[in-house]
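# Remarks on the overall topology
Residue strings, one per chain:
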Amino acid sequence: MGLPTRADETLIVAEDEVNGIIERWRNTPEEKLKPEDYQQFKTFGSVCVTGGDGAQLLNFLQDEENRGIVKSMGCVLMSPLVKEVVQKGKSLDHCQATITHLTMTCSPDELVHSLLELTEDIDPRAISDTILTLLPHLQTVLLQLQDSKAARLGSALGALQQQLSRLPVPYSSQQEDEDEHGLCRCYNALTNFTKPFVEEAKRKIGSSVTTSEDEELRAELLKFCMRSLREPLLEAELNRDRRSSLWLFATEIMVTLPAIHESLSELLFFSPQKDSSEAKESRACVAYLLFVQLITFDSFPAVFSPVFVLQCNMEYIDQLLSSKTESHVLKGLALYEKSLGNVQDNSLPVSLQDLKSFYSAPQNLRHILTDCPMQNVRETGLRVLQLCIDKFDSEAKHKFFRCMLKTSHHAGVESYIVKNIRNQVECSIKGNANKWFLGEELLPLLGLVLSLPQGAQTDLLNSMDKIMESLNLLRYLLIRDTDLRSTIVWEKLCTIKDEYLKMLRVCISISRGYYAAELKALRQDQKIKAREARDAARSSRLVKSITVKKVKMSNMSPEVQHQVLQSALVTFDLMESLIFRIEEIADEKQKSQQLN
């Protein structure tokens, strides 16, 4: 039985000539076949496939007389056959059967090479269909290998994952359900693809004697797991209440690690300190899946204390929070919150803050609070910040507050810290007295709180949150003077108060005059009827240099500018009334003290 005679763009071959070529191939040893023979055989096969003669091609390859030809040159047919399957052409079923026949006939080594070539530079629109077509046949061929199976498996997994990395990871549950690009289907297929190799590694590593090939197989499977953790799992939205396809894939990865004798506790807690960023991201994902999603948590050793787990996880939390990728940050916040949640309140010692991660993770959290444009992320970050504060003991809280006040440079964050300082002072007064918030150690904090680093040039509008909270703290301290007069704090507090309020009054006076002048000029502008005159006047005035909440006033409409300037004057009045009340309280306390 011969190949059909057809013409393509470059080749017209008569039937007699085809039969002669086939006969020559049958009688030529494999080592004497020339490159042009392989190309001609591939061309004949391609013509059959594209012309709808897949059945005749399959019959030719199954003919026992042609077994030598198939064994020698059959691998070159993989490319046109796979292309036809991916494109779902006329001979789809026959092409599938032909590929299966070739995997059972050709040399496994050559087949692996041919199949892996097909994973290079795939059209982005055909990545998932190509991989789904290749996987079952590639698995069959790899299982037949006698030598270098682990290395070939590693090459295959690496090549497949490199192509899958070109596909977007579904961000939402809806996108995952739709699986428009086929990524979820591919990773589910990869799970089935690796199962026999995982079972083989599990069986051999568990035996009394292991070879270097066995260790290499384990190493390649571990690399696959670590790459999978970094992508797609670190990018994906995972929810244990919704067992999505990627959540199930995550479960398979977490089950595979201990199956190939990779202890999760050793991987997380006892890995080398000097590790690549990619390896840290993979281990960070393990920590997230284990402690947040609780995947395989039931089998995790219960001997590690919550503080030890937090201390180890802080490296991964810091890694995730420093990322610019939203999915990484969200996982970092979730891991931070979960790790802190298991720790007893007021128990973390100040010594932990000497660790790099215990300093840098809160700093990254601060950046999220001040720079992240997404409100839900900022709200989660604020909740984690409060939880972090709650877990520190008094000395650690004191040091943490000092650090945040010195480094945040953001009125909103600073006001939140000042509010927490007041809470700690109140807690100390009510019975849990300690030197950090009722004794002389309180003074360094008050010095940071009741200060205007830019002096008379302070932008009161942008510093409003911190200033108002600081004034409230000062008012509270003066009201509770009976609890403070017996300490060294009182005399120094009065000095700090006087200096702070004096400078604040100067700032208010300067700012009020400036904003009042701007408001007057703006009102005059609005009376000008010609739009061009208004625009020219507005662009030439100093108001364009004012920035409110990171927005330049020159970018605001006249109506919004008017509201901002009017609000600023009201704010200054509010500050001044609070200053007046504070001084009134101080005078009353001083008179009362003199009478006594």
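In the block above lies the structure referred to throughout.
Residues numbered from 1 in each chain as written. Predicted model: local features only at pLDDT ≥ 70, side-chain atom pairs only at ≥ 80, totals over all residues. Heavy atoms only, no water.

## What to know about helix H22 (residues 442-449)
Within the span of H22, buried status applies to Leu442, Leu443, Leu445, Leu446 and Val449. Taken around the axis of H22, the buried residues stretch over an arc of 160°, which confines them to a single face. (Buried < 20%, exposed > 50% of the residue type's maximum accessible area, 1.4 Å probe, protein only. Helix = DSSP H or I, 4+ residues; strand = E, 2+ residues; numbered from the N terminus. Arc of directions from axis to C-beta.)

## A short note on helix H20 (residues 394-407)
What sets the pattern is the α-helix's 3.6 residues per turn: residues three or four places apart point alike. End to end, H20 covers 20 Å across 14 residues, agreeing with the expected 20 Å (1.5 Å per residue, within 8%). If you check which residues of H20 are buried, you get Ala396, Lys397, His398, Phe400, Phe401, Met404, Leu405 and Thr407. One or two positions beyond H20, positive phi appears at histidine 409, with a value near 50°. (Expected span 1.5 Å × (residues − 1).)

## Remarks on the side chain of lysine 497
Mapping lysine 497 onto the fold places it in helix H25 (residues 489-527). The buried category is assigned to lysine 497, whose relative accessible area is 9%.

## Details of the packing of helix H11 (residues 183-205) against helix H12 (residues 212-233)
The N-to-C vectors of H11 and H12 enclose an angle of 150°; their axes lie 10 Å apart at closest approach. Here H11 is positioned roughly antiparallel relative to H12, judged by the angle of their axes. Crossing hand, H11 versus H12: left-handed. Residues Leu183, Tyr187, Leu190, Thr194, Phe197, Val198, Glu200, Ala201, Lys204 and Ile205 of H11 form the contact with H12, whose participating residues are Asp214, Leu217, Arg218, Leu221, Phe224, Ser228, Glu231 and Pro232. Considered class by class, the residues forming the contact of H11 with H12 number 11 nonpolar, 2 polar and 5 charged. (Axes fitted to C-alpha atoms, helices over the stretch in contact; angles between N-to-C directions. Parallel < 35°, antiparallel > 145°, perpendicular 65-115°, else oblique. Left-handed = near helix turned anticlockwise from the far one by under 90°. Contact = heavy atoms within 4.5 Å. Nonpolar A, V, L, I, M, F, W, Y, C, P; charged D, E, K, R; others polar.)

## A closer look at the packing of aromatic side chains
Counted by the stated rule, this structure contains 16 aromatic pairs. Relative to phenylalanine 270, the ring of phenylalanine 269 lies with its centre 6.4 Å away and its plane at 85°, an arrangement referred to as edge-to-face. Centre to centre, the rings of phenylalanine 300 and phenylalanine 304 are 5.9 Å apart; their planes meet at 40°, and the pair counts as tilted. A residue is classified by how much of its surface remains accessible, and phenylalanine 300, at 10% relative accessible area, is buried. According to the relative accessible area criterion, phenylalanine 304 is partly exposed, its value standing at 21%. Through successive ring pairs, a cluster of aromatic residues spans Phe269, Phe270, Phe291, Phe297, Phe300, Phe304 and Phe308. In this structure, lysine 331 is placed above the aromatic ring of tyrosine 288, and the distance from its NZ or CZ to the ring centre is 5.4 Å. (Phe/Tyr/Trp six-rings, centres within 6.5 Å; stacked < 30°, edge-to-face > 60°. Lys NZ or Arg CZ within 6 Å of the ring centre and 35° of its normal.)

## Observations regarding the environment of glutamate 518
Examined against the element boundaries, glutamate 518 turns out to sit in helix H25. The class of glutamate 518 is buried, set by a relative accessible area of 8%. Distance in space between the C-alpha atoms of glutamate 518 and glutamine 561 is 9.6 Å, their sequence separation being 43 residues.

## Considerations on the packing of H12 against helix H13 (residues 245-259)
H13 packs onto H12 with a crossing angle of 150° between their chain directions and a minimal axis gap of 10 Å. As summarised for this structure, H12 and H13 are arranged roughly antiparallel, according to the angle between their axes. The hand of the H12/H13 crossing is left-handed. Judged by residue contacts, Leu222, Phe224, Cys225, Ser228, Leu229, Pro232 and Leu233 of H12 engage Leu246, Phe249, Ala250, Ile253, Thr256 and Leu257 from H13. Looking at the contact of H12 with H13 residue by residue, the class counts come to 11 nonpolar, 2 polar and no charged.

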